[in-house]
Amino acid sequence: MSTRQFFVGGNWKLNPTSVGKAKELVEVLNKAELDPNTEVVISPPSLYLIPVRDAVTNKQITISAQNAYYKESGAFTGEISSSQIKEAGIPYVILGHSERRTIFHETNEVVALKTRAALDAGLKVILCIGETLVQREGGETAKVCEEQLSAVVKQTKPEDWSNIVIAYEPVWAIGTGKVATTAQAQETHVDVRAYLSTAVSTTIASEARVIYGGSVNAANAKDLAAQQDIDGFLVGGASLKPEFVDIINARK
């Protein structure tokens, strides 16, 4: 097993519908016995970032925003900046999620600019990449992931990658109940490292955490976690359920 620390993130997306319910989710984690070797990050909607931050009593759990703009301030109605997130005491931000790329038409270049801004503000980044079903069936998975990473490589320095967690999320497996097989996920993670070894360095390729997302649940987490190049998960729907604890403990 690698020396990379196992990482489990919970992306709550646009859930729950009240701050009270958000605090209930936090309380489950506060009371749970979590694998001390796993880094745990939860990502509530932006309106709940501060109340959730304040509700966390388990020091093992940190908070992430779900998005940030690449400008620090200005006339950008509806946006939130990395510097504002950092000032609020939130250490992480998710960038490039497929829902941002598809629904909100964020390009690889925009995601890269956001990544640069987040790193400059002192945030750590959960950088999402992944292919659609058409791209998977066309044999383009590695090419798509490399293009998404390449835009970020152009905006970063090698030392930045210690503050980036790469989340490979096949778009066809997000919220669909379909899951990449352990072999498919492992193969893509190997491809990601191979790309990083040539585009950045072999050291970064071996040290970077590459996590998997896409209908992860308590039933499949242990098999996925046992793969050599899978360093954890970015969990969607299951992060709103008690089984999230089992996923966090997938390597116990």
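Remember, predicted model here, so these are calculated numbers, not experimental data. (Residues numbered from 1 in each chain as written. Predicted model: local features only at pLDDT ≥ 70, side-chain atom pairs only at ≥ 80, totals over all residues. Heavy atoms only, no water.)

## Some points on the overall build of the chain
Then step 1. Within the chain, the regular secondary structure consists of 11 helices and 8 strands.
Then step 2. In terms of overall dimensions, the chain has C-alpha extents of about 45 × 45 × 35 Å along its principal axes.
Then step 3. Within the chain, the fraction of its 252 residues that count as buried is 52%.
Then step 4. For the chain, long-range pairs separated by at least 24 residues make up 71% of all intrachain contacts whose partners lie at least 6 apart in sequence.
Then step 5. Across the chain, the mean location of the 25 positive side-chain charges is 4 Å away from that of the 29 negative side-chain charges. (Helix = DSSP H or I, 4+ residues; strand = E, 2+ residues; numbered from the N terminus. Buried < 20%, exposed > 50% of the residue type's maximum accessible area, 1.4 Å probe, protein only. Contact = heavy atoms within 4.5 Å. Lys, Arg positive; Asp, Glu negative; His and termini not counted. Charge placed at Lys NZ, Arg CZ, Asp CG, Glu CD.)

## Notes on helix H5 (residues 108-120)
It helps to recall that an α-helix has 3.6 residues per turn; residues three or four apart then point in one direction.
Then step 1. Between its first and last C-alpha atoms H5 spans 18 Å; for 13 residues at 1.5 Å apiece the expected length is 18 Å, and the two agree.
Then step 2. Within H5 the residues assigned to the buried category are Val111, Ala112, Lys114, Thr115, Arg116, Ala117, Ala118 and Leu119.
Then step 3. Residues of H5 that are buried make contact with helix H3 (82-87), strand E4 (92-95), helix H4 (98-102), strand E5 (124-129), helix H7 (141-155) and strand E6 (164-168).
Then step 4. Following H5 by one or two positions, glycine 122 adopts a phi angle in the positive range, close to 95°. (Expected span 1.5 Å × (residues − 1).)

## So, the side chain of threonine 156
Then step 1. If you trace the backbone, threonine 156 turns up in the loop between H7 and E6.
Then step 2. Owing to a relative accessible area of 13%, threonine 156 belongs among the buried residues under this scheme.
Then step 3. From its side chain, threonine 156 meets the backbone oxygen of valine 152 in a polar contact 2.8 Å long.
Then step 4. Among the polar contacts made by the side chain of threonine 156, one reaches the side chain of tryptophan 161 at a distance of 3.2 Å. (Polar contact = N/O pair within 3.5 Å; in protein donor to acceptor, adjacent residues only side chain to side chain.)

## Re the pattern of salt bridges
Then step 1. Going through the model one piece at a time under the given rule, you end up with 14 salt bridges.
Then step 2. Across the pair arginine 100 and glutamate 106 runs a salt bridge whose closest N-O atoms are separated by 3.0 Å.
Then step 3. Overall, the relative accessible area of 9% leaves glutamate 106 in the buried class.
Then step 4. Close ionic contact of glutamate 106 with lysine 114 constitutes a salt bridge, the shortest N to O distance being 2.6 Å. You'll find glutamate 106 and lysine 114 in the same group, each marked buried. (Salt bridge = Lys/Arg side-chain N within 4 Å of Asp/Glu carboxyl O.)

## Comments concerning the side chain of glutamate 131
Then step 1. Within the element layout of this structure, glutamate 131 appears in the loop between E5 and helix H6 (133-137).
Then step 2. The exposure class of glutamate 131 is buried, given its relative accessible area of 0%.
Then step 3. Ignoring anything within four residues of it in the chain, the contact list for glutamate 131 reads Arg136, Thr141, Val144, Tyr168, Glu169, Pro170, Val171 and Trp172.

## Points about the nonpolar core
Then step 1. Ile42, Trp161, Tyr212 and Phe233 are the most contacted members of the largest nonpolar core, which totals 68 residues.
Then step 2. The dominant element in this core, judged by the number of residues it contributes, is H7, at 5 residues.
Then step 3. Here tryptophan 161 is in contact with Leu149, Val152, Val153, Thr156, Ile166, Leu196, Val200 and Ile204, once residues within four sequence places are set aside.
Then step 4. Counting 10 residues, the second largest nonpolar core, distinct from the first, contains Cys128, Val165, Ile211 and Leu234. (Core = buried A, V, L, I, M, F, W, Y, C linked by side-chain atoms within 4.5 Å.)

## Remarks on the pairing of strand E8 (residues 232-235)
Then step 1. Where burial is concerned, the two faces of E8 agree: the one with Gly232 and Leu234 and the one with Phe233 and Val235 are both buried.
Then step 2. Relative to E8, strand E1 (residues 6-11) runs parallel, the two being bridged by 4 bridges. Counted as the bridge partner of phenylalanine 7 is glycine 232 from E8. (Pairing = 2+ DSSP bridges.)

## Remarks on the packing of H7 against helix H8 (residues 182-199)
Then step 1. Contact geometry for H7 and H8: axes closest at 10 Å, N-to-C directions at 40°. Classified by the angle between their axes, H7 and H8 sit oblique to one another. Considering how the two elements wind past one another, H7 and H8 form a crossing that is right-handed. Residues Thr141, Ala142, Cys145, Glu146, Leu149, Ser150 and Val153 of H7 form the contact with H8, whose participating residues are Thr188, Asp191, Val192, Tyr195 and Ala199.
Then step 2. The residue inventory of the contact of H7 with H8, partitioned by class, reads 7 nonpolar, 3 polar and 2 charged. (Axes fitted to C-alpha atoms, helices over the stretch in contact; angles between N-to-C directions. Parallel < 35°, antiparallel > 145°, perpendicular 65-115°, else oblique. Left-handed = near helix turned anticlockwise from the far one by under 90°. Nonpolar A, V, L, I, M, F, W, Y, C, P; charged D, E, K, R; others polar.)

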